[in-house]
Structure formats: C-alpha cells, structure tokens
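# Notes for the structure review
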Amino acid sequence: MKNYRIAVIPGDNIGPELMKAALAVLEATQKVDGGFTLEFETCLAGAAHYTEHGTAMSDEAIAACRAAASVFKAPVGDPAVRTPEGIEAGLLGGVLRTGLDLYANVRPVKLYPGTPTPLHGYQPGGIDYVIIRENTEGLYASRGKGVGGPNAMADTMIVTRAGTERVVRFAFEAAKKRNGAPADGVRRVTCVEKSNVLRSFALFREIFLEIAGEYPGVEAETIYPDAAAQALVMNPAHYDVLVMENLLGDILSDLGGGTIGGLGMCPGGNIGDQYAYFEPVHGSAPDIAGLDIANPASQILAGAMMLDHIGEESAARRIESALWLALEEGELSIDERGRANRGTMSAAEAVIARI
Ligand code: IPM
Ligand code: MN
C-alpha cells in the first residue's frame, strides 16, 4: 500500500478550522479508498510564527516540506502583523513559491450547485475554467526588493523567456487534459497580457503564440486584462484555461471567485517540476476566525487537487463529487457572503457522509 507523507501547515486565523475540516475529509477518503495512506506532519508557519520567532517559517519546516510527498497549507498571514517595511510578515510566497520554484499557480474557477453566484442563467458546471498564474516572476519578482524612498518607490516587473515558456506549456498541457470550455466544448488557452502598453507583456505574448504553434489541437487566443475582467463576468462560459503574469493572475482569480459564490469555493495548487503545495486562494479572514462559519470548500477542494497531483485521481474525484452532492442537497449551504451558514465542521461532515 502506498503511504504519502504530507506536510501540513495549519496557518493563521481561520486556517486551523479549515485544516481540521479538510483533514477529516482526507482521512475519510483514504479509509474508503483503501489503496493508500496519508501521514500528516504539522509544520507551524505564518503570522503567529513570525510574532513568536521572528520568521514566517523555520528552516526545519521548509526542509520538511521538501522531504514530503506534498504540502497541504491553510491560509496564513494577518494584516496586523507587518515587517518594519510595512508589508505583511507572515506570508510564505517568498519561501515556498519562489524558494521551491513553483512556477504554475493553478486556480480552478468552477460553479458548483447551491452557491450564490451574482450572475444569472448559469447552471452548475456552466462556469468551469482554470487560471494558470505565473508564480515566480512578473511583478512579484520584486517581492521585498522595491527601491526608492519616502517620495517614490519602484517595483520592477520581470518577464523571462524561460519563465514564460514553462508556464505557457503547463497551460497547454492542462488544456489537453480538460474537456474544453462549457460554452462550446472547445479546448482553449487564453493568454491575458497588456502588450498594448508594456514591452514585458509583448514578450509574454510573443512566447505564448510561439508555444501555441506546438499545440494544434488547442485553440489559442489573447486578450488584454481590462477586457478580460469584463469578459470573465459577462461571458465566463467561453473560457477553459487562461495563462497570465503573476499580479494579473492574483487579481483575476479573485474576480473569478466573485462569480462562483466567493473565494471560499476557490482552491489553488502551486506546482513546480519537483515540489508542490495546495491551499485555498483566499486569506486567513481574521474577522471570522473561531466562529465556525468559514466555508471549508476551498480547503477541501485543495485537498482533492493534492490527491490528484500525487496520483490518487479517483480519490480526488470522490471528494469533489461528495462536495458537489452536499451542496446540491443543501446539506452544505453557502450564504450570500460566501459563508458556510451551517458551520465549518458540519459542512465537512456533510461531505464525509457522501464520501
Ligand atoms: C494569493 C494571495 C497572495 C498573493 C498574498 C497573500 C501575498 O493574495 O495567494 O493570491 O498575492 O499572491
Ligand atoms: Mn490573491
């Protein structure tokens, strides 16, 4: 029987509640599946860790993440915990995304049943695309490195050929494994870039079009980010896979969340050639910490993405189907503010009952 050691980062604020709910779902899944076991190793990291130890994550915890089969992370950070330079201190993007070279940030946007979308006329599954956010360069290349002084600051955006080629290829490979856009079943990769203004985006676009030539079975198109923000609201069913620079992916993935019942429905994977970790797209929501109302769907779906990534595809599908059913049958209900109004843990129990 296969045994996977999973590094678990319970995170800050709502993090531990979400993690408890999602780990219960993973435990139930491994029991029913019977073909593998998961061994969880807790790694403390985040804003609370920074307050106590002066770093967001210890070297030992980073080593544990490298040694594990995969990493399962809850939201970290707290807007109140900042570095002397004024940016949030408890975040792990620098050590994990950049440090482990996890260049593809995979962010599915899918409309599940029973979720309060502000858009009209969409059936469950009628919105189903995935944003592939470049995760190691772009504007975030300047993370912690901005230059200037009190009257002016500059953060430089870096787009490299190697960095763009690998993430664009990742997007086309993802499209090959999917079933196409909900509107027309066409496998499609959309590149979002601002090449009407900035040369870095012109390079991103040029490389995208080059690589697109290697994938004749997948339609390729480009769109400017301002137009994309409108299109993802007015015509989301057209989209299948989108690939874009880091900050654009940060912004548009939250926009996508707003169309499918909130970020509580949004899992993400940070994937490189050697390592990967899986987490909700959203933050640690200090305002609702400890209230048992955070929607655990994002964390549960992140767990399913992790299983899929390590090769336990059928267990991953089992979790997704159970969540779908729990939502469809109203046992897991999400209110207009994106909260699980029957409670975080009872939402997980509703999923477990359907595993
Ligand atoms: C995300 C988050 C992070 C980001 C923050 C917390 C640094 O918003 O994962 O989308 O901007 O990448
Ligand atoms: Mn974000």
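Residues numbered from 1 in each chain as written. Chains lettered and ligands numbered in written order. Predicted model: local features only at pLDDT ≥ 70, side-chain atom pairs only at ≥ 80, totals over all residues. Heavy atoms only, no water.

Okay, the overall build of the protein next. Secondary structure assignment for the protein yields 11 helices and 12 strands. For the protein, the C-alpha radius of gyration of 20 Å lies close to 20 Å, the compact-globule estimate for 355 residues. Reported as C-alpha extents along the three principal axes, the dimensions of the protein are approximately 50 × 50 × 40 Å. In the protein, which comprises 355 residues, the share counted as buried stands at 54%. Partitioning the intrachain contacts of the protein with sequence separation of at least 6 by distance along the chain shows that 75% fall at a separation of at least 24. Accessible area for the protein stands at about 14800 Å²; split by element, carbon and sulfur atoms hold 52% of it. (Helix = DSSP H or I, 4+ residues; strand = E, 2+ residues; numbered from the N terminus. Rg over C-alpha atoms; globule rule 2.2 N^0.38 Å. Buried < 20%, exposed > 50% of the residue type's maximum accessible area, 1.4 Å probe, protein only. Contact = heavy atoms within 4.5 Å. Areas by Shrake-Rupley, 256 points an atom, 1.4 Å probe, with all protein chains shown as cover.)

Right, let's talk about the sheet that holds strand E11 (residues 267–271) for a bit. One open sheet accounts for 10 strands, arranged E2-E1-E3-E12-E11-E4-E5-E10-E8-E9; its pairing is mixed. With partners counted over all chains shown, the strands left at the sheet margins are strand E2 (36–42) and strand E9 (219–223), one partner each. Put simply, the sheet's adjacent strands are angled 25° from each other on average, direction ignored. Of the strands in this sheet, strand E4 (104–110), strand E5 (128–134), strand E8 (188–192), E9, strand E10 (241–244) and E11 are in contact with helix H5 (residues 161–177), which crosses E10 at around 175°. (Pairing = 2+ DSSP bridges. Axes fitted to C-alpha atoms, helices over the stretch in contact; angles between N-to-C directions.)

Of note in this structure, Asp101 is not a glycine but carries a positive phi near 55°. Its place among the elements puts Asp101 in the loop between helix H4 (93–98) and E4. Phi is positive for Asp292, which is not a glycine, with a value near 60°. One can find Asp292 in the loop between strand E12 (276–280) and helix H9 (297–310).

With that settled, the discussion passes to the site of ligand 1. Within the structure, ligand 1 sits among Leu91, Arg97, Arg107, Arg133, Tyr140, Asp250 and Val281. Contacts to ligand 1 include Asp250, whose side-chain N or O atom sits 2.9 Å from an oxygen atom. For ligand 1, whose unbound accessible area comes to 320 Å², protein coverage reaches 70%. A class-by-class count of the residues in the shell around ligand 1 yields three nonpolar, no polar and four charged. (Near = heavy atom within 4 Å. Polar contact = N/O pair within 3.5 Å; in protein donor to acceptor, adjacent residues only side chain to side chain. Nonpolar A, V, L, I, M, F, W, Y, C, P; charged D, E, K, R; others polar.)

Here the focus is the pattern of salt bridges. Counted under the stated rule, the structure contains 21 salt bridges. For Arg188, the salt bridge is made with Asp184, and the minimal N-O distance between the two is 2.8 Å. A single network of salt bridges, built from pairs that share partners, joins Arg161, Glu165, Glu206 and Glu210. (Salt bridge = Lys/Arg side-chain N within 4 Å of Asp/Glu carboxyl O.)

Below, the discussion takes up the packing of aromatic side chains. Taken as a whole and judged by the stated rule, the model has five aromatic pairs. Summarising the aromatic geometry, the rings of Tyr103 and Phe170 are spaced 6.3 Å apart at their centres and angled 85° between planes, so their arrangement reads as edge-to-face. With Tyr103 in the loop between H4 and E4 and Phe170 in helix H5, this residue pair connects regions lying 67 residues apart in the sequence. Classification of Tyr103 as buried rests on a relative accessible area of 7%. You can call Phe170 partly exposed: its relative accessible area is 22%. (Phe/Tyr/Trp six-rings, centres within 6.5 Å; stacked < 30°, edge-to-face > 60°.)

Across the two faces of strand E3 (residues 70–73) the burial is the same, with Ser70 and Phe72 and Val71 and Lys73 all buried. Bridge count for strand E1 (residues 2–9) against E3 is four bridges, and the pairing is parallel. Looking at E3, one finds that Val8 is bridged to Phe72. Of the strand pairs in this sheet, E3 and E12 are connected by two bridges, and their pairing is parallel. Considered in E12, the bridge of Phe72 is made with Phe278.

The next point concerns the packing of H9 against helix H10 (residues 313–328). Their axes nearest at 7 Å, the elements H9 and H10 cross at an angle of 160°. Classified by the interaxial angle, the pair formed by H9 and H10 is roughly antiparallel. Considering the relative orientation of H9 and H10, their crossing is left-handed. Residues Ala297, Ile300, Leu301, Ala304, Leu307 and Asp308 of H9 form the contact with H10, whose own contacting residues are Glu313, Ala315, Ala316, Ile319, Glu320 and Leu323. When its residues are assigned to classes, the contact of H9 with H10 shows nine nonpolar, no polar and three charged. (Parallel < 35°, antiparallel > 145°, perpendicular 65-115°, else oblique. Left-handed = near helix turned anticlockwise from the far one by under 90°.)

Structurally, Val218 is set in the loop between helix H6 (199–212) and E9. Spatially, the C-alpha atom of Val218 lies 27 Å from that of Leu198, the residues being 20 residues apart in sequence.

Glancing now at H6. For H6, spanning 14 residues, the distance from its first C-alpha to its last is 20 Å, which sits close to the expected 20 Å at 1.5 Å a residue. Taken as a whole, H6 has its buried residues at Ser200, Phe201, Phe204, Ile207, Phe208, Ile211 and Ala212. Projected down its long axis, H6 shows its buried positions confined to an angular sector of 140°, all on one face. (Expected span 1.5 Å × (residues − 1). Arc of directions from axis to C-beta.)

A word on the domain arrangement of the protein. Under the domain assignment, the protein is made up of domain 1 (1–103 + 266–355) and domain 2 (128–258). Look at where the C-alpha atoms of domain 1 and domain 2 centre, and you get two points 24 Å apart. Facing the 11 residues of domain 1 at the interface are 11 residues of domain 2. Roughly 1000 Å² of surface becomes buried between domain 1 and domain 2 when both sides are summed, with 53% attributable to carbon and sulfur atoms. Per-residue buried area on domain 1 facing domain 2 is highest for Arg97, Tyr103 and Val281; these three make up 54% of the total on that side. Run the count over domain 1 and domain 2 and you get one salt bridge. (Domains from an automatic or database assignment. Buried area = accessible area lost by both parts, 1.4 Å probe.)

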